Amino acid sequence: MSEPLFLKPVFHEKIWGGRKLQTAFGYDIPDGDIGECWAISGHPHGRSQVENGEFAGQYLDDLWNDHKELFGDPKGKVFPLLTKILDAEASLSVQVHPDNEYAEKHEHELGKTECWYIIDAEPGSYLIYGHNAKTKAELDKMIESGDWDDLLRKVPVKTGDFFYVPSGTVHALNKGIMALETQQSSDTTYRLYDYDRIQASTGKKRELHIKQSEDTIMVPHKDPELNIIKRDEGKNQFTTYVQPPMSPYFAVYRWQIQEPAVFNHEIGKYTLISVIDGNGLLTVDGNDYKLAKGQHLIIPATVSKWTIDCQLDIIASESGEE
């Protein structure tokens, strides 16, 4: 099997969502406030379906279980990554995710380390990224008293920024931001603070997870030391944002393509691709496939070499796990 796997996105309504996934990417989204596009997913809460070729109609998690050769014969029980596009029409809850050990014990799934490439940010946008407590006792006291202004770190953000969010990091996208998220395949989120919002469907505030948050928040907060590498090849630019061992679960890249670029897989590797802008052409084993903004696909491990041409802006990722 030497062809890419193009995938059909799954959409989720969120209290903080909007309609930009339709206006910015042309997706045929459901009615309502749509906050998340689950673009490449084997998670049971939003399974991606193959749209082309030999495996058309099959789900990614089934391929993971039944055709290990597509992914380099991995040892993991589940497809390890999840790619999303998030439209924050309003601010997300302030939250934290557990590590693998805590998540396995309490949620029976993977932990959640993630990262964001900021596709678009309105002027004045900011993130919640980390906190100011120096000790666990200080953290617990500030949470109990609701001293959110002093506790939470606000970080300015602009289009093109990248943030790495390890498990245990207090964080939130705020209103006016659209981001592509690469994460471990987990849907476990512990809400620390939700601005006392009322959910229209229930007339009640959303559930908070104070104990779980206090259990899992990293104290003190420490910004990860990123080593972002940019490389120019002719008119093309290639950026590596994170990779193992600094980022143990995934490597994330940006490919800005202006002229033909040839890519090669290491043995056993597969690559997740999301087109965030432009139009172009993917060539695999002599066959051409059109690429356009909003498409998501996997180049399986059975493909050793491929070419991308024309005007394209791509976020790509690879699993760091075997």
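Before reading further, recall that the structure is shown in the block above.
Going along each chain's sequence as written, the residues are numbered from 1 onward. Thresholds applied to this predicted model are a pLDDT of at least 70 for local features of residues and 80 or more for the giving and counting of side-chain atom pairs; totals over whole chains, interfaces and linings are not thresholded and use all residues. Neither water nor hydrogens contribute to the side-chain values; these are computed over all heavy atoms in the structure.

Right, let's get into the side chain of T83. We count a stretch as a helix when DSSP gives it H or I for four or more residues in a row; a strand needs E for two or more, and each element gets its number in order from the N terminus. Relative to the elements of secondary structure, T83 occurs in strand β5 (residues 81-88). Residues within four places of T83 in sequence aside, it is in contact with C37, W38, A39, I40, L180, E181, L272 and S274. In what follows, a contact means two residues having at least one pair of non-hydrogen atoms within 4.5 Å.

Turning our attention to a negative patch on the surface. Candidate patch residues must exceed 30% relative accessible area and have no salt bridge, after which like charges are joined if within 9 Å and Val, Leu, Ile, Met, Phe, Trp or Tyr side chains if within 5 Å. All accessible areas in this document rest on Shrake-Rupley with a 1.4 Å probe, and a residue is counted as covered only by the protein chains that are shown. In the sections that follow, a salt bridge refers to a side-chain nitrogen of Lys or Arg positioned within 4 Å of a carboxyl oxygen of Asp or Glu. We count Lys and Arg on the positive side and Asp and Glu on the negative side, and we leave His and both chain ends out. Where a charge lies is defined by one atom per residue type, namely NZ (Lys), CZ (Arg), CG (Asp) and CD (Glu). On the surface, E13, D31, D33 and E89 cluster together into a negatively charged patch. Structurally, D33 can be placed in the loop between α1 (20-23) and β3 (34-41).

Here the focus is the side chain of H221. Along the chain, H221 falls in the loop between α6 (210-216) and β16 (229-233). Polar contact is defined as a pair of N or O atoms within 3.5 Å, subject to the rule that within protein one atom must be able to donate a hydrogen and the other to accept it, and that residues adjacent in sequence are counted only when both atoms are side-chain atoms. One polar contact links H221 to D223, side chain to side chain, over a distance of 2.7 Å. Residues within four places of H221 in sequence aside, it is in contact with Y129, G130, H131, R153 and T169.

A surface patch of nonpolar side chains, amounting to about 210 Å² of accessible area, comprises L226, I228 and M246. Relative to the assigned elements, I228 resides in the loop between α6 and β16. Three labels apply to residues, based on accessible area from a 1.4 Å probe with only protein chains included: buried if under 20% of the type maximum, exposed if over 50%, partly exposed otherwise in between. A residue is classified by how much of its surface remains accessible, and I228, at 39% relative accessible area, is partly exposed.

Another point: the environment of L5. Structurally, the position occupied by L5 is in strand β1 (residues 5-8). Judged by relative accessible area, L5 falls into the buried class, the value being 1%. Remark: the alpha-carbon pair of L5 and L92, spanning 87 residues in sequence, is separated by 31 Å. Those residues in contact with L5, other than ones at most four positions away along the chain, are V50, N52, F55, L63, L70, H296, L297 and I298.

Keep in mind that these numbers describe shape and distance, not what the molecule does.
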